[in-house]
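# Breakdown of the fold
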Amino acid sequence: MDRRGFLRTAGGAIAGLALFGLSKSKNRWTSGSPELNFKPPSTNLSLYERAATKGLVYGAALKTRHLRDAKFLASFVTECGALVPEFELKWSALRPCPESFDFTNADKLLAFAKRHGLIMHGHTLLWHRSLPAWFHETVTRANAERILIDHIETVVGRYAGLIPSWDVVNEPVYPGDGRSDGLRTAPWLELLGREYIETAFHVANSTDPRAQLVLNDTRVNYTTRDQEKRRRSLLKLLEWLIGRGVPVHVLGVQAHLWADEKRFDVAVLQRFLQEVADMGLDIYISELDVSDQRLPPAIDVRDSAVARVYYDYVSAVLAVPAVKRVMTWGLSDRYTWFAESRPRSDGLDVRPLPLNANLERKPAWAALAAAFDAASPR
Ligand code: G3I
(Lines give C-alpha, C1' and ligand atoms only; values in the text may rest on other atoms or scores of the structure.)
Protein backbone atom coordinates (compact mmCIF):
# COMPACT_ATOMS: atom_id res chain seq x y z
CA MET A 1 0.00 0.00 0.00
CA ASP A 2 1.59 3.30 -1.08
CA ARG A 3 1.79 6.29 1.20
CA ARG A 4 -1.30 7.92 -0.26
CA GLY A 5 -3.18 4.66 0.19
CA PHE A 6 -1.99 4.32 3.79
CA LEU A 7 -2.80 7.91 4.65
CA ARG A 8 -6.20 7.62 3.04
CA THR A 9 -6.99 4.48 5.05
CA ALA A 10 -5.74 6.04 8.28
CA GLY A 11 -7.43 9.35 7.61
CA GLY A 12 -10.54 7.59 6.40
CA ALA A 13 -10.71 5.40 9.51
CA ILE A 14 -10.52 8.47 11.75
CA ALA A 15 -13.01 10.28 9.60
CA GLY A 16 -15.24 7.23 9.42
CA LEU A 17 -15.55 7.11 13.20
CA ALA A 18 -16.33 10.80 13.26
CA LEU A 19 -18.86 10.34 10.50
CA PHE A 20 -20.43 7.47 12.42
CA GLY A 21 -20.51 9.70 15.46
CA LEU A 22 -22.26 12.43 13.50
CA SER A 23 -24.70 9.99 11.93
CA LYS A 24 -25.67 8.61 15.37
CA SER A 25 -26.81 12.11 16.36
CA LYS A 26 -28.74 12.40 13.13
CA ASN A 27 -30.74 15.35 14.34
CA ARG A 28 -27.53 17.45 14.38
CA TRP A 29 -27.52 17.33 10.61
CA THR A 30 -31.08 18.51 10.22
CA SER A 31 -31.93 20.59 13.27
CA GLY A 32 -31.00 23.81 11.45
CA SER A 33 -32.99 23.06 8.32
CA PRO A 34 -35.46 20.15 8.73
CA GLU A 35 -35.87 19.65 5.02
CA LEU A 36 -32.16 18.89 4.83
CA ASN A 37 -31.82 15.18 5.46
CA PHE A 38 -28.39 13.88 4.52
CA LYS A 39 -28.28 10.14 4.84
CA PRO A 40 -24.90 9.06 6.27
CA PRO A 41 -23.02 8.10 3.11
CA SER A 42 -23.29 4.41 2.30
CA THR A 43 -19.52 4.13 1.85
CA ASN A 44 -16.60 5.84 3.49
CA LEU A 45 -15.25 7.25 0.24
CA SER A 46 -13.46 10.58 0.63
CA LEU A 47 -14.46 13.79 -1.13
CA TYR A 48 -11.57 13.30 -3.55
CA GLU A 49 -12.77 9.77 -4.39
CA ARG A 50 -16.42 10.78 -4.75
CA ALA A 51 -15.48 13.64 -7.08
CA ALA A 52 -13.04 11.48 -9.06
CA THR A 53 -15.70 8.82 -9.79
CA LYS A 54 -17.58 11.57 -11.65
CA GLY A 55 -14.54 12.90 -13.49
CA LEU A 56 -14.38 15.92 -11.17
CA VAL A 57 -11.45 17.25 -9.17
CA TYR A 58 -11.96 18.22 -5.53
CA GLY A 59 -9.21 19.94 -3.59
CA ALA A 60 -8.44 22.76 -1.22
CA ALA A 61 -6.16 25.71 -0.53
CA LEU A 62 -3.05 25.03 1.55
CA LYS A 63 -0.24 27.12 3.05
CA THR A 64 3.37 26.15 3.66
CA ARG A 65 2.91 26.63 7.39
CA HIS A 66 0.28 23.86 7.37
CA LEU A 67 2.97 21.38 6.28
CA ARG A 68 4.15 20.99 9.87
CA ASP A 69 0.73 19.70 10.99
CA ALA A 70 0.92 15.94 10.32
CA LYS A 71 -2.62 15.13 11.46
CA PHE A 72 -4.04 17.85 9.23
CA LEU A 73 -1.96 16.64 6.28
CA ALA A 74 -3.29 13.09 6.74
CA SER A 75 -6.83 14.44 6.38
CA PHE A 76 -5.76 16.63 3.45
CA VAL A 77 -4.30 13.68 1.54
CA THR A 78 -7.38 11.59 2.34
CA GLU A 79 -9.94 14.17 1.23
CA CYS A 80 -8.19 16.11 -1.57
CA GLY A 81 -7.04 15.37 -5.10
CA ALA A 82 -5.57 18.84 -5.59
CA LEU A 83 -4.08 21.76 -3.72
CA VAL A 84 -3.83 25.46 -4.49
CA PRO A 85 -1.25 27.60 -2.65
CA GLU A 86 -3.21 30.16 -0.67
CA PHE A 87 -0.34 32.66 -0.88
CA GLU A 88 2.99 31.18 -1.99
CA LEU A 89 2.72 31.88 -5.75
CA LYS A 90 1.72 35.51 -5.40
CA TRP A 91 4.08 38.38 -6.17
CA SER A 92 4.61 39.34 -2.53
CA ALA A 93 5.67 35.75 -1.77
CA LEU A 94 7.82 35.20 -4.87
CA ARG A 95 9.47 38.55 -5.42
CA PRO A 96 11.59 39.84 -2.52
CA CYS A 97 13.13 42.42 -4.85
CA PRO A 98 12.83 43.48 -8.52
CA GLU A 99 15.81 41.39 -9.60
CA SER A 100 15.04 38.11 -7.86
CA PHE A 101 12.57 35.30 -7.21
CA ASP A 102 12.19 33.15 -4.08
CA PHE A 103 10.49 29.84 -4.85
CA THR A 104 11.32 28.20 -1.51
CA ASN A 105 7.78 28.00 -0.14
CA ALA A 106 6.09 27.29 -3.46
CA ASP A 107 8.55 24.44 -4.04
CA LYS A 108 7.69 22.95 -0.61
CA LEU A 109 4.01 22.81 -1.56
CA LEU A 110 4.84 21.32 -4.97
CA ALA A 111 7.00 18.64 -3.33
CA PHE A 112 4.11 17.77 -1.00
CA ALA A 113 1.72 17.60 -3.94
CA LYS A 114 4.01 15.36 -5.97
CA ARG A 115 4.75 13.10 -2.99
CA HIS A 116 1.05 12.39 -2.59
CA GLY A 117 -0.07 12.44 -6.20
CA LEU A 118 -2.01 15.70 -5.87
CA ILE A 119 -2.60 18.23 -8.65
CA MET A 120 -1.12 21.64 -7.80
CA HIS A 121 -2.99 24.60 -9.27
CA GLY A 122 -1.07 27.88 -9.76
CA HIS A 123 -2.60 30.94 -8.10
CA THR A 124 -2.03 33.67 -9.31
CA LEU A 125 0.23 35.21 -11.93
CA LEU A 126 -1.38 38.67 -11.88
CA TRP A 127 -3.54 40.30 -9.21
CA HIS A 128 -4.02 43.86 -8.00
CA ARG A 129 -3.31 42.75 -4.41
CA SER A 130 -0.36 41.09 -2.66
CA LEU A 131 2.12 43.14 -4.69
CA PRO A 132 5.55 43.55 -3.06
CA ALA A 133 6.49 46.87 -1.46
CA TRP A 134 8.90 47.70 -4.30
CA PHE A 135 6.27 47.32 -7.03
CA HIS A 136 4.75 50.80 -7.20
CA GLU A 137 8.07 52.63 -6.94
CA THR A 138 9.74 50.37 -9.52
CA VAL A 139 7.23 49.46 -12.24
CA THR A 140 6.56 52.21 -14.80
CA ARG A 141 4.77 52.46 -18.14
CA ALA A 142 8.18 52.08 -19.77
CA ASN A 143 9.20 48.82 -18.08
CA ALA A 144 5.83 47.27 -17.07
CA GLU A 145 5.42 44.96 -20.06
CA ARG A 146 8.98 43.62 -19.74
CA ILE A 147 8.51 43.02 -16.01
CA LEU A 148 5.16 41.31 -16.57
CA ILE A 149 6.54 39.05 -19.32
CA ASP A 150 9.66 38.22 -17.32
CA HIS A 151 7.58 37.29 -14.25
CA ILE A 152 5.26 34.98 -16.15
CA GLU A 153 8.02 33.37 -18.23
CA THR A 154 10.11 32.72 -15.11
CA VAL A 155 7.29 31.39 -12.90
CA VAL A 156 5.37 29.36 -15.50
CA GLY A 157 8.65 28.21 -17.05
CA ARG A 158 9.93 26.86 -13.72
CA TYR A 159 6.79 24.77 -13.21
CA ALA A 160 6.06 23.83 -16.84
CA GLY A 161 4.74 20.25 -16.90
CA LEU A 162 4.48 20.28 -13.08
CA ILE A 163 1.64 22.77 -12.48
CA PRO A 164 -1.09 21.93 -15.03
CA SER A 165 -3.30 25.00 -14.55
CA TRP A 166 -2.82 28.68 -13.68
CA ASP A 167 -4.95 31.56 -12.56
CA VAL A 168 -3.36 33.93 -15.06
CA VAL A 169 -5.33 37.03 -14.04
CA ASN A 170 -7.26 37.24 -10.76
CA GLU A 171 -10.24 39.56 -10.27
CA PRO A 172 -9.88 41.77 -13.40
CA VAL A 173 -13.49 42.92 -13.20
CA TYR A 174 -14.81 45.67 -10.91
CA PRO A 175 -17.67 47.78 -12.34
CA GLY A 176 -17.40 50.01 -9.27
CA ASP A 177 -14.39 51.67 -10.91
CA GLY A 178 -16.77 53.17 -13.48
CA ARG A 179 -15.13 51.99 -16.71
CA SER A 180 -17.50 51.21 -19.61
CA ASP A 181 -15.94 47.74 -19.92
CA GLY A 182 -16.40 47.10 -16.19
CA LEU A 183 -12.72 46.35 -15.71
CA ARG A 184 -10.85 47.07 -12.48
CA THR A 185 -8.35 49.93 -12.71
CA ALA A 186 -5.70 47.53 -11.41
CA PRO A 187 -2.04 48.65 -11.50
CA TRP A 188 -1.40 46.55 -14.60
CA LEU A 189 -4.36 48.12 -16.40
CA GLU A 190 -3.24 51.62 -15.48
CA LEU A 191 0.26 50.83 -16.76
CA LEU A 192 -0.54 48.83 -19.91
CA GLY A 193 -4.24 49.22 -20.68
CA ARG A 194 -6.63 46.26 -20.76
CA GLU A 195 -4.28 44.52 -23.20
CA TYR A 196 -2.29 43.42 -20.11
CA ILE A 197 -4.78 40.57 -19.82
CA GLU A 198 -4.18 39.47 -23.41
CA THR A 199 -0.42 39.68 -23.02
CA ALA A 200 -0.47 37.65 -19.80
CA PHE A 201 -2.44 34.79 -21.34
CA HIS A 202 -0.33 34.69 -24.52
CA VAL A 203 2.93 34.64 -22.54
CA ALA A 204 1.68 31.93 -20.18
CA ASN A 205 0.49 29.86 -23.14
CA SER A 206 3.74 30.16 -25.08
CA THR A 207 5.71 29.33 -21.91
CA ASP A 208 3.70 26.19 -21.12
CA PRO A 209 1.35 25.25 -24.00
CA ARG A 210 -0.03 22.33 -21.97
CA ALA A 211 -1.26 24.44 -19.07
CA GLN A 212 -4.97 25.20 -18.64
CA LEU A 213 -5.20 28.98 -18.36
CA VAL A 214 -7.81 30.44 -16.03
CA LEU A 215 -9.42 33.86 -15.68
CA ASN A 216 -10.44 33.86 -12.00
CA ASP A 217 -12.99 36.24 -10.52
CA THR A 218 -15.20 36.82 -7.51
CA ARG A 219 -18.68 37.95 -6.46
CA VAL A 220 -20.52 36.60 -9.47
CA ASN A 221 -22.90 34.16 -7.77
CA TYR A 222 -25.57 36.29 -6.14
CA THR A 223 -28.65 37.94 -7.63
CA THR A 224 -27.70 41.47 -6.56
CA ARG A 225 -27.36 44.44 -8.93
CA ASP A 226 -23.63 44.62 -8.32
CA GLN A 227 -23.04 40.93 -9.00
CA GLU A 228 -25.25 41.02 -12.11
CA LYS A 229 -23.07 43.88 -13.41
CA ARG A 230 -19.99 41.80 -12.63
CA ARG A 231 -21.39 38.80 -14.51
CA ARG A 232 -22.18 41.00 -17.55
CA SER A 233 -18.71 42.59 -17.49
CA LEU A 234 -17.06 39.18 -17.15
CA LEU A 235 -19.00 37.77 -20.11
CA LYS A 236 -18.04 40.84 -22.19
CA LEU A 237 -14.38 40.41 -21.21
CA LEU A 238 -14.39 36.71 -22.10
CA GLU A 239 -16.07 37.42 -25.46
CA TRP A 240 -13.43 40.10 -26.18
CA LEU A 241 -10.55 37.81 -25.29
CA ILE A 242 -11.87 34.82 -27.22
CA GLY A 243 -12.71 37.05 -30.18
CA ARG A 244 -9.07 38.14 -30.31
CA GLY A 245 -7.77 34.58 -30.17
CA VAL A 246 -6.48 34.87 -26.59
CA PRO A 247 -5.79 31.37 -25.11
CA VAL A 248 -8.15 31.49 -22.12
CA HIS A 249 -9.43 28.00 -21.32
CA VAL A 250 -11.25 28.23 -17.99
CA LEU A 251 -13.31 30.64 -15.94
CA GLY A 252 -12.56 30.41 -12.22
CA VAL A 253 -15.52 31.31 -9.97
CA GLN A 254 -14.35 32.02 -6.43
CA ALA A 255 -17.59 31.46 -4.39
CA HIS A 256 -16.83 32.93 -0.96
CA LEU A 257 -20.45 32.53 0.17
CA TRP A 258 -22.59 33.42 3.20
CA ALA A 259 -24.70 30.96 5.20
CA ASP A 260 -27.11 33.48 6.69
CA GLU A 261 -29.34 33.83 3.68
CA LYS A 262 -29.89 32.22 0.34
CA ARG A 263 -28.59 34.85 -2.08
CA PHE A 264 -28.26 32.92 -5.31
CA ASP A 265 -30.99 32.06 -7.75
CA VAL A 266 -30.24 28.65 -9.24
CA ALA A 267 -31.59 29.56 -12.69
CA VAL A 268 -29.63 32.84 -12.85
CA LEU A 269 -26.44 31.14 -11.71
CA GLN A 270 -26.81 28.21 -14.11
CA ARG A 271 -27.67 30.52 -17.03
CA PHE A 272 -24.49 32.51 -16.40
CA LEU A 273 -22.31 29.40 -16.15
CA GLN A 274 -23.89 27.94 -19.30
CA GLU A 275 -23.19 31.20 -21.19
CA VAL A 276 -19.53 30.76 -20.23
CA ALA A 277 -19.58 27.10 -21.22
CA ASP A 278 -21.15 28.00 -24.58
CA MET A 279 -18.00 30.02 -25.29
CA GLY A 280 -16.10 26.73 -25.13
CA LEU A 281 -14.66 27.29 -21.65
CA ASP A 282 -14.48 24.95 -18.69
CA ILE A 283 -15.35 26.27 -15.23
CA TYR A 284 -13.58 25.79 -11.91
CA ILE A 285 -15.28 26.65 -8.62
CA SER A 286 -11.99 27.94 -7.32
CA GLU A 287 -12.28 29.22 -3.71
CA LEU A 288 -15.48 27.85 -2.16
CA ASP A 289 -16.24 28.45 1.49
CA VAL A 290 -19.38 29.44 3.43
CA SER A 291 -19.20 32.07 6.16
CA ASP A 292 -21.23 31.54 9.37
CA GLN A 293 -20.21 34.96 10.68
CA ARG A 294 -23.74 36.28 11.15
CA LEU A 295 -25.50 33.07 12.26
CA PRO A 296 -26.69 32.37 15.81
CA PRO A 297 -24.04 30.79 18.08
CA ALA A 298 -25.43 27.21 18.30
CA ILE A 299 -23.00 24.92 16.50
CA ASP A 300 -25.59 22.50 15.12
CA VAL A 301 -27.63 25.39 13.71
CA ARG A 302 -24.54 26.89 12.09
CA ASP A 303 -23.27 23.57 10.74
CA SER A 304 -26.64 22.74 9.21
CA ALA A 305 -27.04 26.17 7.61
CA VAL A 306 -23.49 26.04 6.19
CA ALA A 307 -24.14 22.50 4.90
CA ARG A 308 -27.36 23.65 3.26
CA VAL A 309 -25.52 26.28 1.24
CA TYR A 310 -22.75 23.86 0.28
CA TYR A 311 -25.36 21.37 -0.94
CA ASP A 312 -27.56 23.89 -2.78
CA TYR A 313 -24.66 25.72 -4.40
CA VAL A 314 -22.54 22.74 -5.44
CA SER A 315 -25.61 20.82 -6.70
CA ALA A 316 -26.58 23.87 -8.76
CA VAL A 317 -23.17 24.40 -10.35
CA LEU A 318 -22.51 20.70 -11.01
CA ALA A 319 -25.69 20.62 -13.09
CA VAL A 320 -23.57 22.52 -15.66
CA PRO A 321 -21.30 19.89 -17.29
CA ALA A 322 -18.53 22.43 -17.95
CA VAL A 323 -17.85 22.64 -14.20
CA LYS A 324 -14.83 20.37 -13.74
CA ARG A 325 -13.29 21.33 -10.42
CA VAL A 326 -14.52 22.29 -6.95
CA MET A 327 -11.83 23.73 -4.68
CA THR A 328 -12.65 24.84 -1.14
CA TRP A 329 -10.59 27.68 0.28
CA GLY A 330 -9.23 25.47 3.00
CA LEU A 331 -10.28 22.00 4.22
CA SER A 332 -10.65 22.41 7.98
CA ASP A 333 -11.94 25.15 10.30
CA ARG A 334 -8.50 24.84 11.88
CA TYR A 335 -7.14 26.96 9.02
CA THR A 336 -9.50 29.44 7.38
CA TRP A 337 -8.97 33.00 6.20
CA PHE A 338 -12.45 33.76 7.60
CA ALA A 339 -10.98 33.61 11.11
CA GLU A 340 -9.39 37.00 10.33
CA SER A 341 -11.54 38.30 7.47
CA ARG A 342 -15.05 37.35 8.68
CA PRO A 343 -14.74 36.79 12.45
CA ARG A 344 -17.84 36.37 14.62
CA SER A 345 -18.80 39.25 16.93
CA ASP A 346 -19.37 36.75 19.76
CA GLY A 347 -15.76 35.58 19.43
CA LEU A 348 -16.73 31.96 18.71
CA ASP A 349 -14.55 30.14 16.22
CA VAL A 350 -15.92 30.27 12.69
CA ARG A 351 -17.00 27.03 11.00
CA PRO A 352 -16.97 27.54 7.19
CA LEU A 353 -15.26 24.39 5.89
CA PRO A 354 -15.95 20.63 5.42
CA LEU A 355 -13.91 19.45 8.43
CA ASN A 356 -14.03 20.92 11.92
CA ALA A 357 -10.89 22.08 13.76
CA ASN A 358 -10.47 18.54 15.13
CA LEU A 359 -10.44 17.23 11.53
CA GLU A 360 -13.83 15.52 11.92
CA ARG A 361 -16.26 15.50 9.03
CA LYS A 362 -19.10 17.99 9.48
CA PRO A 363 -22.51 18.24 7.81
CA ALA A 364 -20.74 20.45 5.24
CA TRP A 365 -18.61 17.44 4.36
CA ALA A 366 -21.73 15.29 3.97
CA ALA A 367 -23.31 18.02 1.85
CA LEU A 368 -20.34 18.09 -0.52
CA ALA A 369 -20.26 14.28 -0.57
CA ALA A 370 -23.97 14.17 -1.43
CA ALA A 371 -23.56 16.78 -4.17
CA PHE A 372 -20.65 14.88 -5.74
CA ASP A 373 -22.55 11.57 -5.46
CA ALA A 374 -25.57 13.11 -7.22
CA ALA A 375 -23.53 14.79 -9.99
CA SER A 376 -23.56 13.48 -13.56
CA PRO A 377 -20.25 12.06 -14.77
CA ARG A 378 -18.04 14.44 -16.78
O1 G3I B 1 3.86 34.94 5.28
C2 G3I B 1 3.85 36.27 5.83
C3 G3I B 1 4.58 36.28 7.16
O4 G3I B 1 5.95 35.97 6.93
C5 G3I B 1 4.46 37.66 7.79
O6 G3I B 1 5.05 37.64 9.07
C7 G3I B 1 2.99 38.04 7.90
C8 G3I B 1 2.88 39.46 8.42
O9 G3I B 1 1.53 39.88 8.27
O10 G3I B 1 2.35 38.00 6.59
C11 G3I B 1 2.41 36.70 6.04
O12 G3I B 1 1.80 36.74 4.77
C13 G3I B 1 0.37 36.73 4.81
C14 G3I B 1 -0.09 35.61 3.87
O15 G3I B 1 -1.54 35.61 3.75
C16 G3I B 1 0.37 34.23 4.35
O17 G3I B 1 -0.29 33.88 5.54
C18 G3I B 1 -0.11 38.07 4.26
O19 G3I B 1 0.22 39.10 5.19
C20 G3I B 1 -1.62 38.02 4.07
O21 G3I B 1 -2.05 39.22 3.40
C22 G3I B 1 -1.99 36.85 3.16
O23 G3I B 1 -3.42 36.82 3.09
C24 G3I B 1 -3.95 36.04 1.99
C25 G3I B 1 -4.68 36.99 1.02
O26 G3I B 1 -5.31 36.24 -0.03
C27 G3I B 1 -3.74 38.00 0.38
O28 G3I B 1 -2.78 37.31 -0.39
C29 G3I B 1 -4.96 35.05 2.58
O30 G3I B 1 -4.27 34.10 3.38
C31 G3I B 1 -5.69 34.33 1.45
O32 G3I B 1 -6.72 33.51 1.98
C33 G3I B 1 -6.32 35.35 0.49
O34 G3I B 1 -6.85 34.64 -0.59
C35 G3I B 1 -7.53 35.42 -1.59
C36 G3I B 1 -7.23 34.79 -2.95
O37 G3I B 1 -5.84 34.80 -3.19
C38 G3I B 1 -7.99 35.52 -4.05
N39 G3I B 1 -9.44 35.52 -3.78
C40 G3I B 1 -9.77 36.15 -2.48
C41 G3I B 1 -9.06 35.39 -1.35
C42 G3I B 1 -9.41 35.99 -0.01
O43 G3I B 1 -8.95 37.32 0.08
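Below is a summary of the structure that appears in this document. (Residues numbered from 1 in each chain as written. Predicted model: local features only at pLDDT ≥ 70, side-chain atom pairs only at ≥ 80, totals over all residues. Heavy atoms only, no water.)

A word on the overall build of the protein chain. Helix and strand counts for the protein chain stand at 15 helices and nine strands. Of all intrachain contacts in the protein chain linking residues separated by at least 6 positions in sequence, the fraction that spans at least 24 positions is 78%. Entry remark: accessible area of the protein chain is about 15,000 Å², with carbon and sulfur atoms responsible for 52%. (Helix = DSSP H or I, 4+ residues; strand = E, 2+ residues; numbered from the N terminus. Contact = heavy atoms within 4.5 Å. Areas by Shrake-Rupley, 256 points an atom, 1.4 Å probe, with all protein chains shown as cover.)

Attention shifts here to the site of the ligand. Around the ligand, 15 residues are found, and the nearest of them are Glu86, Lys90, His123, Ser130 and Glu287. In this structure, an oxygen atom belonging to the ligand sits 2.8 Å away from a side-chain N or O atom of Lys63. Glu86 places a polar side-chain atom, nitrogen or oxygen, 2.5 Å from an oxygen atom of the ligand. When the free accessible area of the ligand is taken as 800 Å², the share hidden by the protein chains comes to 56%. (Near = heavy atom within 4 Å. Polar contact = N/O pair within 3.5 Å; in protein donor to acceptor, adjacent residues only side chain to side chain.)

This part covers helix 11 (residues 225-243). For helix 11, with 19 residues, the first-to-last C-alpha span of 27 Å sits near the 27 Å given by 1.5 Å per residue. Among the residues of helix 11, Gln227, Arg230, Arg231, Ser233, Leu234, Leu235, Leu237, Leu238, Trp240 and Leu241 are the ones counted as buried. On its buried side, helix 11 packs onto helix 10 (195-207), strand 5 (212-217), strand 6 (250-253) and helix 12 (266-277). (Expected span 1.5 Å × (residues − 1). Buried < 20%, exposed > 50% of the residue type's maximum accessible area, 1.4 Å probe, protein only.)

The next thing to look at is the packing of aromatic side chains. Scanning all chains against the criterion turns up 13 aromatic pairs. Taken together, Phe72, Phe76, Phe112 and Tyr335 form an aromatic cluster joined through their ring pairs. The lysine or arginine in question, Arg95, covers the ring of Phe101, its NZ or CZ lying 3.9 Å from the ring centre. Over the ring of Trp240 we find Arg194; its NZ or CZ atom is 4.0 Å from the centre of that ring. (Phe/Tyr/Trp six-rings, centres within 6.5 Å; stacked < 30°, edge-to-face > 60°. Lys NZ or Arg CZ within 6 Å of the ring centre and 35° of its normal.)

In this section: unusual backbone geometry. Here His123 and Thr124 are connected by a cis peptide whose omega angle stands at 0 degrees. Residue placement: Thr124 occurs in strand 3 (residues 119-126). Of note, Ser130 is a non-glycine position whose phi angle comes to about 55 degrees, a positive value. Mapping Ser130 onto the fold places it in the loop between strand 3 and helix 7 (135-138). Of the residues examined, Ser130 reaches a relative accessible area of 23% and is grouped as partly exposed. In this model, Ala255 sits at a positive phi of 70 degrees, which is unusual for a non-glycine residue.

Attention now moves to the nonpolar core. Counting 111 residues, the largest nonpolar core has Tyr58, Phe76, Trp166, Trp188, Ile285, Tyr313 and Phe372 as its most contacted members. Looking at this core, the element that brings in the most residues is helix 13 (residues 299-318), giving ten residues. Not counting residues up to four positions away in its chain, the partners in contact with Phe76 are Ala60, Ala61, Leu62, Ala82, Leu83, Phe112, Leu118 and Leu331. (Core = buried A, V, L, I, M, F, W, Y, C linked by side-chain atoms within 4.5 Å.)

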